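Structural characterization, general
Here's the letter readout for the chains.
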Amino acid sequence: MKTIFVAGHKGMVGSAIVRQLALNPNINVITQDRSELNLLDQTAVKHFFETNKIDQVYLAAAKVGGIVANNTYPAEFIYQNLTIQNNIIHSAHLAGVNDLLFLGSSCIYPKFATQPMTEQALLTGTLEPTNEPYAIAKIAGIKMCESYNRQYGRNYRSVMPTNLYGENDNFHPENSHVIPALLRRFHEAKLNGDSKVVAWGSGKPMREFLHVDDMAAASIYVMNLNNETYQANTQDMLSHINVGTGVDCTIRELVETVAQVVGFTGTIEFDATKPDGAPRKLMNVARLKDLGWQYSIDLKQGLTSTYDWFLANQNNFRK
């Protein structure tokens, strides 16, 4: 029986990892609520690892938020994320845990990175200023894993997901990401009998989206890759792995697909006076494909299951 600790088990990715691990009868999954274990408390985290015999760790815990939160609370974003990572990675090492997977973000790459973004783009340019503190913390997490591997022979790996969506996403009307925001907006427009929905921007920017169940599957796959295959496709100081579909779509295509999934039959307008953001953000996933994994949930299929989950859980969301 293998004992696995999933840090951040209530988040979108952490909960998806727990769901998939729970399907294996030979795995004992350990989780801790914030009331049981404060990941910002170094002494408490160290004690947790000392008193539990853990074989693997999925480090999905993080302070996350949208552009407004990142801009408003940069100190909290860099301090809390660095502290959580430091506490878990170092305590896992001290307790003799050899296998750990650190989950990062595509925001680690420079603002003007060549598209699609390869792992080699890391540390080659200036980061997006609004989320630089968060990105710096995630970069530090990658380098911490690599450093413990080099010095202590640990097997600490890192995966960097593209834009994620799916079950347990944040559907808050003001601070959710684009897919949950659109699903909710079109759902409410349908309920209200609105004749049109206005979407921000020109609709021309291109974005990549990965369903969280695919992200969980990729995480488990990378964690359990044999060392020979993993090391043959990575480098000691460039070991992180992009996780995505390698396929993008325009925001217009996304909006129209969401409307179709929700069943909104009115018109859609694009307000080109609103900001578009970067023209394209796409991950190069050649390294992951070389390791033997690729996504299985296409966008329409994923949006449909996410909308079904939203309908089943909408009473839990803040109005």
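Predicted, not measured: the structure shown is a model, and the values here were computed from it.

1. Some words on the pairing of strand E3 (residues 56-59)
The alternating pattern of E3 places Gln56 and Tyr58 and Val57 and Leu59 on opposite faces, both of which are buried. Both strand E1 (residues 2-7) and E3 contribute to a ladder of 4 bridges, which runs parallel. Directly across from Ala7, in E3, lies its bridge partner Leu59. As judged from the 4 bridges shared by E3 and strand E4 (residues 99-103), these two strands associate in the parallel manner. From the neighbouring strand, Tyr58 faces E4, where its bridge partner is Leu101.

2. What about the sheet that holds strand E5 (residues 155-161)?
The 6 strands lie next to each other as E2-E1-E3-E4-E5-E10, forming an open sheet whose pairing is parallel. Both outer strands of the open sheet, strand E2 (27-30) and strand E10 (241-243), are each paired with one neighbouring strand and no more. Averaged over neighbouring strand pairs, the angle between their axes works out to 20° when direction is ignored. Of the pairings in the sheet, the one linking E4 to E5 comprises 5 bridges and is parallel in character. Of the residues in E5, the one forming a bridge with Asp99 is Asn155. Relative to E3, helix H4 (residues 74-94) is tilted by about 175°, and along the sheet it contacts E1, E3, E4 and E5. Sitting on the sheet, helix H7 (residues 212-223) is in contact with E3, E4, E5 and E10, with an inclination near 145° to E4.

About the criteria used
Residues numbered from 1 in each chain as written. Predicted model: local features only at pLDDT ≥ 70, side-chain atom pairs only at ≥ 80, totals over all residues. Heavy atoms only, no water. Buried < 20%, exposed > 50% of the residue type's maximum accessible area, 1.4 Å probe, protein only. Helix = DSSP H or I, 4+ residues; strand = E, 2+ residues; numbered from the N terminus. Pairing = 2+ DSSP bridges. Axes fitted to C-alpha atoms, helices over the stretch in contact; angles between N-to-C directions. Contact = heavy atoms within 4.5 Å.

Everything listed is a geometric property; what it means functionally is a separate question.
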